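# Examining the three-dimensional arrangement
Here is what each chain is made of, one letter per residue.
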Amino acid sequence: MNAVVIAVLVMLVLSLARVNVVFALITGALVGGLTGGLGLDETISVFTEGISGGASIALSYALLGGFAVAISYTGIPNLLVDWVLKVVGKKGDSRKTALSKALIVISILIMACFSQNVIPIHIAFIPILIPPLLKVMTELRIDRRLIASVITFGLTAPYILLPVGFGLQFHEIIAQNMASSGMEINMGDIPKAMLLPVGGMVIGLLIAVFVSYRKPRDYSEAEEVIADEKVVYNKRAMVFALISIVVALFVQLQLESMIFGALAGIAVLYVSGSVKWKEADGLLNEGMKMMAFIGFVMITASGFAAVVTETGDVETLVKATADVIGGNQALAALIMLVVGLLVTMGIGSSFATIPIIAAIFVPLAMELGFSPLATVAIVGTAGALGDAGSPASDSTLGPTAGLNADGQHNHIWDTCVPTFLHYNIPLILFGWIAAVIL
């Protein structure tokens, strides 16, 4: 059996069995390394070296969590909550309740989409915006699986389709790796090729919103993320909170570092006195704890990716695909998409998956007579598959970190499974159709 397939299956089965994701990733990496012939000592060595690759991301998310709680301390998110509560009106007013639900869903969707292209902050908005809204969601009986699906759509679909922000990076990776594999493409053609696969994701989003998670779901109101007595409604503090957000974004974009962006934002809050020095340490610790889960998973996922890559079975898996296909284009497109799903589910990053699969998929597509647009659809969709639904992807870890701030949202069953069903399945179907007709 292929080591990559075994490692991913072990990780997924353990995760679905509600085993901690970090433990599931470590176990999957160990089994994959042994299956791939690395041996116990080499597997441990490669895994240990690999986890260093996730340290920067983990520190970024920890600081972003601290920054988010510090922002919440100034009272800005609570003003949003108060405004939404006024919109809700009296309990039992079904019309206002429906409008409030729509307002929350649309606002979160827009923010998530903007975080990839217009204001490229990725998941940094989640710990700032989502935890204070949990009380409102609970009162409105909104199913948090719906919100998870909305956020994940916003974190993935825009960068897959639009060549702006993170989308520009994704499209450049596709173009560069396809060119190095023997097929030059125009960057302007990538959105055309990815339009149909993203259309499938839109259908998945609509099903999640209007069918799967339309019914109310009850959550406990026992806990709140930030106690009322900690909230300070101070105009000066709020102004500096807004300034700190702008500064954090500016520094992040200029230095291309979430770490120093978050640090700059925190520094503004410190220096301005918006956060009291004697309370700052506790607030930052609280925020770091909120995002610590993401950090540990991303560190572990880096080790997992290092092990499955070291086995050499990623290339073996992709090459074995060519042997099964023969000359059947339709079968070829389907199998290549499934292979992309397996690889990304384990690695957790579509950006890291493209270079791995493009080296084999592009020559294979050329040999089978696929057009450049069809090849882009295969490579782009195969890379994006698994970003939604993977236990190790920040596109699922981010929503969980925000929605589970009060301990009532399960990462696997409330985020990963819903997003896998509503996005990966349509991506495979519509990506396959795009590969066949383009």
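What you see is a predicted model, and the numbers here were worked out from it, not measured in a lab. (Residues numbered from 1 in each chain as written. Predicted model: local features only at pLDDT ≥ 70, side-chain atom pairs only at ≥ 80, totals over all residues. Heavy atoms only, no water.)

### Remarks on the overall build of the protein
Within the protein, the regular secondary structure consists of 19 helices and 0 strands. By the burial criterion, 55% of the 438 residues in the protein qualify as buried. By sequence separation, contacts in the protein at least 24 residues apart represent 80% of the contacts at least 6 residues apart. (Helix = DSSP H or I, 4+ residues; strand = E, 2+ residues; numbered from the N terminus. Buried < 20%, exposed > 50% of the residue type's maximum accessible area, 1.4 Å probe, protein only. Contact = heavy atoms within 4.5 Å.)

### Some points on the pattern of salt bridges
Applying the stated rule across the entire model yields 6 salt bridges. Among the ionic pairs, Asp 189 bridges to Lys 192, the shortest N-O distance being 3.5 Å. One salt bridge in this structure joins Arg 217 and Asp 414, with 3.7 Å as the shortest N-O distance. Of the two residues, Arg 217 sits in the loop between helix 10 (190–212) and helix 11 (235–255) while Asp 414 sits in helix 19 (residues 411–437), which places them 197 residues apart along the sequence. On the basis of relative accessible area, Arg 217 is assigned to the partly exposed category, the value being 27%. The class for Asp 414 is buried, based on a relative accessible area of 9%. A single network of salt bridges, built from pairs that share partners, joins Asp 143, Arg 145, Arg 217 and Asp 414. (Salt bridge = Lys/Arg side-chain N within 4 Å of Asp/Glu carboxyl O.)

### A few points about a nonpolar patch on the surface
A surface patch of nonpolar side chains, amounting to about 640 Å² of accessible area, comprises Leu 196, Leu 334, Val 338, Leu 429, Trp 432, Val 436, Ile 437 and Leu 438. Where the nonpolar patch is concerned, the elements lending two or more residues are helix 15 (329–347) and helix 19. Tracing the backbone shows Val 338 in helix 15. (Patch = residues over 30% accessible without salt bridge, like charges linked within 9 Å, V, L, I, M, F, W, Y side chains within 5 Å. Areas by Shrake-Rupley, 256 points an atom, 1.4 Å probe, with all protein chains shown as cover.)

### With respect to the packing of helix 7 (residues 126–140) against helix 18 (residues 394–403)
Contact pair helix 7 / helix 18: the axes reach a minimum separation of 8 Å and the direction vectors enclose 45 degrees. By the angle class used here, helix 7 and helix 18 are oblique. Residues Ile 126, Ile 130, Pro 131, Leu 134 and Met 137 of helix 7 form the contact with helix 18, whose own contacting residues are Gly 398, Pro 399, Gly 402 and Leu 403. Among the residues forming the contact of helix 7 with helix 18, the class breakdown is 7 nonpolar, 2 polar and no charged. (Axes fitted to C-alpha atoms, helices over the stretch in contact; angles between N-to-C directions. Parallel < 35°, antiparallel > 145°, perpendicular 65-115°, else oblique. Nonpolar A, V, L, I, M, F, W, Y, C, P; charged D, E, K, R; others polar.)

### What to know about the environment of Asn 404
Following the sequence through the fold, Asn 404 ends up in the loop between helix 18 and helix 19. Among the residues examined, Asn 404 registers a relative accessible area of 30% and is labelled partly exposed. In sequence terms Asn 404 and Asp 414 are 10 residues apart; their C-alpha atoms lie 9.8 Å from each other.

### Some thoughts on the side chain of Thr 381
Mapped onto the secondary structure, Thr 381 falls in helix 17 (residues 372–384). Classification of Thr 381 by relative accessible area gives buried; the value is 0%. In contact with Thr 381, not counting residues within four places along its chain, are Met 194, Pro 197, Leu 337, Val 376, Leu 427 and Gly 431.

### Things to note about the nonpolar core
By size, the foremost hydrophobic cluster in this structure holds 128 residues, and its most contacted members are Ile 108, Ile 130, Met 137 and Phe 370. Looking at which element gives the most residues to this core, the answer is helix 8 (residues 144–161), with 11 residues. When sequence neighbours within four positions are dropped, the list of residues in contact with Met 137 reads Ile 104, Ile 108, Ile 130, Ile 142, Ile 147 and Leu 403. (Core = buried A, V, L, I, M, F, W, Y, C linked by side-chain atoms within 4.5 Å.)

### Section: the packing of helix 9 (residues 166–180) against helix 17
Close contact between helix 9 and helix 17 brings their axes to 11 Å; oriented N to C, the two are set at 125 degrees. By the criterion of interaxial angle, the relationship of helix 9 to helix 17 is oblique. Pair helix 9 / helix 17 crosses with right-handed handedness. Of the residues in helix 17, those touching helix 9 at Phe 170, Ile 174 and Met 178 are Pro 372, Thr 375, Val 376, Gly 380 and Ala 384. Of the residues in the contact of helix 9 with helix 17, the class split is 6 nonpolar, 2 polar and no charged. (Left-handed = near helix turned anticlockwise from the far one by under 90°.)

### A word on helix 8
Relative to the 26 Å expected for 18 residues at 1.5 Å per residue, helix 8 spans 26 Å between its end C-alpha atoms, a close match to the ideal helical length. In the structure, helix 8 departs most strongly from a straight axis at Phe 153, where the bend amounts to approximately 25 degrees. Counting buried positions over the 18 residues of helix 8 gives 17, a clear majority of the element. (Expected span 1.5 Å × (residues − 1). Bend = angle between axes of the 7 residues up to and from the residue.)

### With respect to the packing of aromatic side chains
According to the stated counting rule, one finds 2 aromatic pairs in the structure shown. Summarising the aromatic geometry, the rings of Phe 153 and Tyr 423 are spaced 6.0 Å apart at their centres and angled 45 degrees between planes, so their arrangement reads as tilted. Of this pair, Phe 153 sits in helix 8 while Tyr 423 sits in helix 19, and the two are 270 residues apart along the sequence. Given a relative accessible area of 0%, Tyr 423 falls into the buried group. One residue, Arg 144, lies across the ring of Tyr 219, its end atom 4.3 Å from the ring centre. (Phe/Tyr/Trp six-rings, centres within 6.5 Å; stacked < 30°, edge-to-face > 60°. Lys NZ or Arg CZ within 6 Å of the ring centre and 35° of its normal.)

### Points about the side chain of Thr 396
Here Thr 396 lies in helix 18. Looking at Thr 396, its side chain comes within polar contact range of the main-chain oxygen of Ser 390, at 2.6 Å. Other than its neighbours up to four places away in sequence, Thr 396 contacts Asp 387, Ala 388, Gly 389, Ser 390, Pro 391, His 411, Thr 415, Cys 416 and Thr 419. (Polar contact = N/O pair within 3.5 Å; in protein donor to acceptor, adjacent residues only side chain to side chain.)

### Observations regarding the confidence of the model for the protein
Confidence in the prediction for the protein averages 82 pLDDT; 89% of positions are at 70 or higher. Here helix 5 (residues 76–88) stands out as the least confident element of the protein, with mean pLDDT 66; helix 10 is the most confident, with 94. Within the model, pLDDT remains below 50 along residues 223–230, and this stretch shows 11 contacts once partners closer than five positions in the same chain are excluded. (pLDDT = per-residue confidence, 0-100.)

### Digging into helix 9
The end-to-end C-alpha distance of helix 9, which contains 15 residues, comes to 21 Å, matching closely the 21 Å that a straight helix rising 1.5 Å per residue would cover. Burial in helix 9 covers these residues: Gly 167, Phe 170, His 171, Ile 173, Ile 174, Ala 175, Asn 177 and Met 178. Of the surrounding elements, those touching the buried residues of helix 9 are helix 8, helix 10, helix 16 (350–368) and helix 17. At the C-terminal side of helix 9, Gly 182 shows a positive phi close to 110 degrees.

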